[in-house]
Amino acid sequence: MFKKETYKQRRALLKKALGSGVYLFLGNDELSLNYADSTFRYRQDSSFLYFFGLSFAGLSAIIDVDEDKEIIFGNELTIDDIVWMGVQPTLKEKSEMVGVTHTEPTVDLGTYLARAQKQGREIHYLPPYRPEHQLKLMDLLGIKPAAQKASYKFMEAICNQRIYKSDEELAEIDKACNVTAQMHIAAMKMLRPGMKEYEVVAEMEAVAARNNYELSFATIATINGQTLHNHYHGNTAKSGQLFLIDAGCETEMGYAGDMSSTVPVDKTFTARQKAVYDIQNRMHLESVKALKPGVSYESVYDLSASVMVDGLKDLGLMKGNTEDAVREGAHAMFYPHGLGHMMGLDVHDMENFGEELVGYAGGKKSTQFGRKSLRLARELEPGFVFTIEPGIYFIPDLIDLWRGQNKFMDFINYDVLETYKDFGGIRNEEDYVITKDGARRMGSLYVPLTTEEVEAIR
Ligand code: GLY
Ligand code: MN
């Protein structure tokens, strides 16, 4: 936890931005897996963590700007809780750690909100991304889940704070990135033909566990890298294949790292793998070179797509005018996702507020296949932390679909593409912060990125 002044300052800034109203923060509870007492690993809500710092189940908080009150609601542990789960600080002690002096039992939250509603005051809440939040809102405010409408003003004010990472947050993200880098380096060193994907997963997750860090998202470690979010780990890695890893961890305070690597299952790349990898590597390096304040992230995405189209034209996979191909969306055959996303207390930071608020500064997203998957497009500002993760994939079902529709015949050489259906996918990913005049890679550990560097570590 940061020192209490950090949380006090964050709440003071938020109150100033909000001006008036009652703001409800629902912390996360334990979530059952297959029966009540068997739970998923506990994760506190990130906005609750940001403003109230406490990673304990069963808490809620209110910031009542009109009455200038900050209250944490929760229950003291029963003797049964203590016998089974151990002791915890009292509610008062927990609240004092983050500079909140007023606490109330959970049962009084409903009374407080009912009184505010009676006074004609609006209760602002955040998007309920868990069923438990929907049930609580129904119980507390009498609004059925389908009618629950998060407060845009509330989300916007929080986003405008959380989006700029402070020095102490950057130090946490650096820590997450260093352990994330160690996870990747361990995997890159150990993978050999004949290994199961899950053996690599076990090695990476052990690195996180040895640092007392949790995963920041479900690990991807697969010979089927053409499936963007592939969470199956049961295949055997075979000579001649590529192996794609997308994995990261979060610090004890919840700050995330997120990196991707692609390595040959053999110690060296084949000539065909190297040719495609080198294009992906150019997409990555050119994108990083373009990062600085004032640049729109969508323009960096366009740059990465153009670099790819030029490279794939050299390989005979694409043809035609590069700019037209990218504008019309033909590149999405090979690169159907965005260039990256914000990162912080969530690996896709604040994605529960919606991609358009966080990634587009409230602007509209494209509906075009590929471009619609940009999670980040807005102008970059100092303090923004985000990923750079271009990719090149050969997705047999997409190839068959578009070929059957005669789609983008002016830009895609389908006869050549047919011969790549067994290729898989390549993605590499690093994390960056925008500085006063450029960008800095997060963490001090470098993960091999070029084919030469990858082969040297294998
Ligand atoms: N690391 C997974 C993703 O960025 O979607
Ligand atoms: Mn990512």
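The coordinates are above.
Summarised in this report is the structure supplied together with it.

## Some thoughts on the site of ligand 1
Item 1. Near ligand 1 you find Phe 217, His 229, Asp 246, Asp 258, His 341, His 348 and Glu 389, and these make up its full shell.
Item 2. Here an oxygen atom of ligand 1 sits 2.9 Å away from a polar atom, N or O, in the side chain of His 348.
Item 3. At 3.4 Å, a side-chain N or O of Glu 389 approaches an oxygen atom of ligand 1.
Item 4. Contact with the protein chains hides 94% of the accessible area of ligand 1, taken as 200 Å² for the molecule alone.
Item 5. Considering only residue class, the shell around ligand 1 consists of one nonpolar, three polar and three charged.

## Points about the layout of surface pockets
It is a probe the size of a water molecule, rolled over the atoms, that shows where empty space is left.
Item 1. Roughly 1,000 Å³ of volume is contained in the largest pocket.
Item 2. The wall of the largest pocket is formed by 38 residues, among which Ser 216, Phe 217, Asp 346, Val 347 and His 348 lie closest to the centre.
Item 3. For the lining of the largest pocket, the residue count by class is 11 nonpolar, 14 polar and 13 charged.
Item 4. In this structure, the second largest pocket spans a volume of roughly 660 Å³.
Item 5. Taken together, 24 residues line the second largest pocket, and the ones lying closest to its centre are Glu 30, Ala 57, Leu 77, Asp 81 and Met 85.
Item 6. Sorting the residues of the lining of the second largest pocket by element identifies helix 3 (79-85) and helix 4 (91-97) as the ones contributing at least two each.

## Section: the coordination of the manganese ion (ligand 2)
Item 1. Around the manganese ion (ligand 2), the protein contributes the donor atoms Asp 258 (OD), His 341 (NE2), Glu 389 (OE) and Glu 429 (OE), which lie 2.1 to 2.2 Å from the metal centre.
Item 2. Between the donor residues of the manganese ion (ligand 2), the gaps in sequence give the motif D-x82-H-x47-E-x39-E. With Glu 389 in the loop between strand 13 (385-388) and strand 14 (391-393) and Glu 429 in the loop between strand 15 (425-427) and strand 16 (430-434), the pair connects residues that are 40 residues apart, well separated along the chain. Like Glu 429, Glu 389 is buried.

## Topic: empty space enclosed by the protein
Item 1. Per the stated rule, a full pass over the model turns up four cavities of 30 Å³ or more.
Item 2. In this structure, the largest cavity spans a volume of roughly 100 Å³.
Item 3. Residue lining of the largest cavity: Leu 24, Phe 25, Leu 26, Asp 45, Tyr 125, Leu 126, Pro 127, Pro 128, Tyr 129, His 133, Leu 137 and Asn 352, and that is the complete set.
Item 4. Looking at the lining of the largest cavity, the elements with two or more residues in it are strand 1 (22-26) and helix 6 (131-141).
Item 5. Counting residues per element, the lining of the largest cavity draws most heavily on strand 1, which supplies three residues.
Item 6. Lining the second largest cavity, in full, are His 341, Met 342, His 348, Asp 349, Met 350, Glu 351, Gly 354, Glu 355, Val 358 and Arg 375.
Item 7. Taken together, the residues of the lining of the second largest cavity sort by class into three nonpolar, three polar and four charged.

What counts as what
Residues numbered from 1 in each chain as written. Chains lettered and ligands numbered in written order. Predicted model: local features only at pLDDT ≥ 70, side-chain atom pairs only at ≥ 80, totals over all residues. Heavy atoms only, no water. Near = heavy atom within 4 Å. Polar contact = N/O pair within 3.5 Å; in protein donor to acceptor, adjacent residues only side chain to side chain. Areas by Shrake-Rupley, 256 points an atom, 1.4 Å probe, with all protein chains shown as cover. Nonpolar A, V, L, I, M, F, W, Y, C, P; charged D, E, K, R; others polar. 1 Å grid on protein atoms, 1.4 Å probe; cavity = no way out; pocket = protein on both sides within 12 Å on 5 of 7 lines; lining within 4 Å. Points joined across faces, edges and corners; volume = space filled by probe spheres on them. Helix = DSSP H or I, 4+ residues; strand = E, 2+ residues; numbered from the N terminus. Donors = N, O, S within 2.8 Å, 3.2 Å for Na, K, Ca; no water. Buried < 20%, exposed > 50% of the residue type's maximum accessible area, 1.4 Å probe, protein only.

Structural measurements only, silent on function.
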